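Breakdown of the fold
Letter by letter, the chains look like this.
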Amino acid sequence: MSLDNSNNLFTYKNNSLHFNRHDLMQHQCIKNYKSPFLLYDLNIVQDRLNWLKEWKGLGRLHFAMKSNYTEDVLKLILKNGCGVDVVSLGEIKLALKVGFKPQDILFSGVAKTVSEIEWAVQNDLYQINVESISELKRVDQISQRLNKQVNVGLRLNPEVDAKTHPNIATALKDSKFGLNLSDLPAVESVLKSTKQIQLKSLSFHIGSQVMDVTIFQEAIVRMKAIFSDFQKRYSSLDRFDLGGGLGINYKDHDISHDQKRWQDLKAIYEKELAGIKADFLIEMGRFVVARSAILIAQLQYIKKTENKTIAILDVGMNNLLRPMLYQAYHQLYPLTQRQAKQTYMIAGPICESSDIFHQDIELTELQEGDFVAIADAGAYAKSMASNYNLQPIAEDYFL
Ligand SMILES: Cc1ncc(COP(=O)(O)O)c(C=O)c1O
């Protein structure tokens, strides 16, 4: 890993870690440290929103709130004219609280309850993305009962392998997410029998942390044939929802590589979607926010065992579950760099043997009391946090 590249988010100057050029040891929140916290640079989010806007075909980004629902992040998303993709009434309520309108809210999720759908129909949400035949029937019954029209998107499962961790792949056969292509005849018979449902969109989301952009191409090619066919029968169908899922390389902090990955995806969108008349929506989360925050923690103890040197931090799976849930890699940077190198097991404080960030990671030498930054904690960190062991949930600070 090179740390001298100017595009690198993390650099050392005078042995002191800089995050996006900010000298962390000089920051007040390190000087007054009490417990682990998230430190954001929202310029990183803004840069990514600017990249996405370079795609002239983009109808609207619906930011996937599940990746991060920090209010300052959501306000920035709102200020940029984006909408949100939500998966619960809780997320809807928060979106409204920060200023989004019902018309900015796209409602996904596999288990929408009667009361959630009633709320969505009564409040004229932008679109409900339906994920099963039973859900479609439920939406129909509720909208008939309330005598309201409802905008529906069908989340279809294009049956492509996202080549990501199985726990975050969502478009394989037998997935709980989305409608299967074989469900379409049954879906169409519901659509034909209702006056309440406006079919507005076809949607797909193949999974999260997708690194190979050609997989999006494969999914689009499959989906656009269905989209064009449906448009012949449903004149209301004017939105094509391309989902989220674009990944980042958690071992590489050269930002130009992220930009290149987006540009490659944009080129696929431009090529494959030319000639389709629709508003194109994307539902990205991780790619927009993951890089924008670091999780700052303090090393409590160094413990030697027969085979390991274990560095025990005051933060663990309570504030960053991804490494324990699906073996995700998060780079760790000591705030103060020393000369010697050492391989560490990095553990958290939680009373679970799986509360381990790294089994073996080579770092510059650590001492008890040192601060460390865990990289790429802006997505699926705090939004998945818990109070397990009654440990505190990390607070947010901003650079
Ligand atoms: C329907 C849907 N849209 C968007 C996302 C956001 O994915 P990501 O954060 O990988 O962009 C998810 C997350 O899995 C999702 O399930």
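Chains are numbered independently. Their residues run from 1 in the order of the written sequence. Reporting of local features is limited, given that this is a predicted model, to residues whose pLDDT is at least 70; pairs of side-chain atoms are given and counted only at 80 or more, and all residues count toward the totals for whole chains, interfaces and linings. Heavy atoms throughout the structure, all of them, feed into the side-chain values; hydrogens and water do not.

**Details of the layout of surface pockets**
Here a cavity means grid points, on a 1 Å grid over the protein atoms only, where a 1.4 Å probe fits yet cannot get out; a pocket means an open set of points with protein on both sides within 12 Å along at least five of seven lines; lining residues are those with an atom within 4 Å of a point. Grid points are joined across faces, edges and corners, and a volume is the space filled by probe spheres set on the points. By volume, the largest pocket amounts to about 700 Å³. When grouped by side-chain class, the residues that make up the lining of the largest pocket number 14 nonpolar, 11 polar and 10 charged. Note that the domain bounds reflect an automated or database-derived domain assignment. Two domains each donate at least three residues to the lining of the largest pocket, and these are domain 1 (10-41 + 291-398) and domain 2 (109-282). Residues are grouped as follows: Ala, Val, Leu, Ile, Met, Phe, Trp, Tyr, Cys and Pro are nonpolar; Asp, Glu, Lys and Arg are charged; all remaining types, including Gly, are polar.

**What about the sheet that holds strand β5 (residues 58-64)?**
Only strands joined by at least two bridges in the DSSP assignment are considered to pair. The secondary structure listing takes helices from DSSP runs of H or I that are at least 4 residues long and strands from runs of E that are at least 2 residues long, numbered from the N terminus. What the 8 strands build is a closed barrel, ordered β5-β6-β7-β8-β9-β10-β11-β12; its pairing is parallel. Here the average twist between neighbouring strands, direction ignored, is 30 degrees. As judged from the 2 bridges shared by strand β7 (residues 105-107) and strand β8 (residues 127-130), these two strands associate in the parallel manner. Across the sheet, F107 pairs through a bridge with I128, a residue of β8. Note on definitions: angles span 0 to 180 degrees between N-to-C directions of axes, and those axes are lines fitted to C-alpha atoms, for helices only across the stretch in contact.

**Some words on the site of the ligand**
Working definition: residue near molecule or strand if any one of its non-hydrogen atoms lies within 4 Å of it. Residues in contact with the ligand amount to 14 residues; listed here are only the nearest, S208, G245, E283, R286 and Y380. Within the side chain of K66, one N or O atom sits 3.5 Å away from an oxygen atom of the ligand. Under this definition, polar contacts are N or O atom pairs within 3.5 Å; protein pairs additionally need one hydrogen-donor-capable and one acceptor-capable atom, and for neighbouring residues in sequence, both atoms have to be side-chain atoms. The contact in question runs from a nitrogen atom of the ligand to an N or O atom on the side chain of D85, over 3.3 Å. Working definition of accessibility: Shrake-Rupley area with a 1.4 Å probe, residue cover restricted to the visible protein chains. In isolation the ligand has 400 Å² of accessible area, and contact with the protein removes 92% of it. Here the ligand is seated within the largest pocket. Looking at the shell around the ligand, its residues break down into 3 nonpolar, 6 polar and 5 charged. Put plainly, a molecule is in a cavity or pocket when over half of its atoms are within 2 Å of the grid points there.

**Comments concerning the packing of helix α6 (residues 133-145) against helix α7 (residues 184-192)**
Where α6 meets α7, the closest approach of the two axes is 10 Å, and the angle between their N-to-C directions is 5 degrees. Comparing their axes, α7 and α6 come out roughly parallel. Each of I133, L136 and K137 in α6 lies in contact with α7, whose residues at this interface are A186, V187, V190 and L191. For the contact of α6 with α7, the residue count by class is 6 nonpolar, no polar and 1 charged. Any angle between 65 and 115 degrees counts as roughly perpendicular, while under 35 counts as roughly parallel, over 145 as roughly antiparallel, and the rest as oblique. Note on contacts: a residue pair is in contact if any heavy atoms of the two residues lie within 4.5 Å.

**Some details on helix α9 (residues 255-273)**
The span you would expect from a helix comes to 1.5 Å times its residue count less one. Compared with an ideal rise of 1.5 Å per residue, which puts 19 residues at 27 Å, α9 spans 27 Å between its outermost C-alpha atoms and is within 8% of the ideal. Of all the positions in α9, only I255, D258, R261, W262, L265, K266, I268, Y269, E272 and L273 are classed as buried. Taken end-on, α9 shows its buried residues confined to a sector of 155 degrees, consistent with a single buried face. Those residues of α9 that are buried are in contact with α2 (42-53), α8 (214-233), β11 (239-241), β12 (279-282) and α10 (286-289). Classification of residues uses two cut-offs on accessible area relative to the type maximum, computed with a 1.4 Å probe and protein chains only: under 20% is buried, over 50% is exposed, and between them is partly exposed. Arc, as used here, means the arc of the directions from the helix axis to the C-beta atoms.

**What about the pairing of strand β10 (residues 197-203)?**
With 6 of its 7 residues buried, β10 lies for the most part within the structure. Across 3 bridges, β10 lies against β11 in parallel orientation. The residue of β11 that forms the bridge with S201 is R239. Handedness of the crossover joining β10 and β11 through α8 is recorded here as right-handed. If you view a crossover with the strands going away from you and the path from the first strand over the helix to the second runs clockwise, you call it right-handed.

**Some details on the domain arrangement of the chain**
Where the parts come together, the accessible area they lose is often given as the size of the interface. According to the domain assignment, the chain contains domain 1 (10-41 + 291-398) and domain 2 (109-282). The gap between the C-alpha centroids of domain 1 and domain 2 is 36 Å. Contact with domain 1, which involves 13 residues of that partner, is made by 12 residues of domain 2. Accessible area that two parts lose when put together, evaluated with a 1.4 Å probe and summed over both, is termed the buried area. Together domain 1 and domain 2 conceal approximately 1100 Å² of surface at their shared face, both sides included; 55% is due to carbon and sulfur atoms. Of all residues in domain 1, R291, Y326 and Y329 give up the largest surface area on contact with domain 2, accounting jointly for 57% of the area buried on that side. Here, a salt bridge means any side-chain nitrogen of Lys or Arg that lies within 4 Å of a carboxyl oxygen of Asp or Glu. Counting the contacts that link domain 1 with domain 2 gives 1 salt bridge. At the boundary of domain 1 with domain 2, the tally comes to 5 residue pairs in polar contact (both at pLDDT 80 or more). When residues in the side of domain 1 that touches domain 2 are grouped by element, the largest group, 3 residues, is from helix α11 (residues 322-326). Split into classes, the residues belonging to the side of domain 1 that touches domain 2 amount to 7 nonpolar, 3 polar and 3 charged.

**Description of unusual backbone geometry**
The phi dihedral of N147 falls on the positive side, at around 50 degrees, and the residue is not glycine. Looking at the element boundaries, N147 is found in the loop between α6 and β9 (150-155). Positive phi is not limited to glycine here, since Y380 has a value of about 55 degrees. Within the secondary structure layout, Y380 lies in the loop between β18 (371-374) and β19 (395-398).

**Let's talk about the pairing of β5**
Of all the 7 residues making up β5, 6 are buried; the element is thus mostly covered by neighbouring parts of the structure. In this sheet, β12 lies alongside β5 in parallel orientation, the contact comprising 3 bridges. Directly across from R60, in β12, lies its bridge partner L281. Relative to strand β6 (residues 83-86), β5 is paired through 3 bridges, and the arrangement is parallel. The residue bridging H62 from the neighbouring strand is G83, located in β6.

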